[in-house]
Amino acid sequence: SSLREARFLYWELTGSDLLARAPFDRVDVVLDGSDFSCNTQADRVRQSILTGDWETAGQVSKQLLEKGYFAPAYVRTCRKYGLCEPSG
């Protein structure tokens, strides 16, 4: 989870994928969607944004919001990338 978060933050700051650089270039952080915890699903949204899979990012984001998941860091990402509507 920490590596996935670092990967996303690095990508936001630099525009390049941390896992494309040594020593991380051999690390696999694939999320298959079988873990349905909200934190893992939020990671899945961020990794989908990073890889340009906007369809998955939108679908998973919608599911999280319907479940009532509003962790501040996730909501920031959700709003920044237009995946949720800002509240009133």
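As a reminder, the structure under discussion sits directly above these lines.
Take the packing of aromatic side chains next. Counted according to the given criterion, the structure contains five aromatic pairs. Aromatic pair Trp 54 and Tyr 81: ring centres 6.1 Å apart, planes at 40°, arrangement tilted. Of the two residues, Trp 54 sits in helix α3 (residues 54–67) while Tyr 81 sits in the segment after α4 (72–80), which places them 27 residues apart along the sequence. When the centroid spacing of 5.5 Å and the interplanar angle of 50° are considered together, the rings of Tyr 69 and Tyr 74 count as tilted. Like Tyr 69, the residue Tyr 74 is buried in the burial classification.

Along an α-helix, residues three or four positions apart point the same way, because every turn accommodates 3.6 residues. With 13 residues, helix α1 (residues 2–14) extends 18 Å from end C-alpha to end C-alpha; this agrees with the ideal 18 Å at 1.5 Å per step. Three or more residues of α1 are buried, namely Arg 4, Arg 7 and Phe 8. Along the axis of α1, the buried positions cluster into a sector of 95°, meaning they face one direction only. Every exposed residue of α1 that faces more than 90 degrees away from the buried side is listed here: Ser 2 and Leu 13. Immediately beyond the C-terminal end of α1, within one or two residues, lies Gly 15, with a positive phi of roughly 80°.

What counts, and where the lines are drawn
Residues numbered from 1 in each chain as written. Predicted model: local features only at pLDDT ≥ 70, side-chain atom pairs only at ≥ 80, totals over all residues. Heavy atoms only, no water. Phe/Tyr/Trp six-rings, centres within 6.5 Å; stacked < 30°, edge-to-face > 60°. Helix = DSSP H or I, 4+ residues; strand = E, 2+ residues; numbered from the N terminus. Buried < 20%, exposed > 50% of the residue type's maximum accessible area, 1.4 Å probe, protein only. Expected span 1.5 Å × (residues − 1). Arc of directions from axis to C-beta.

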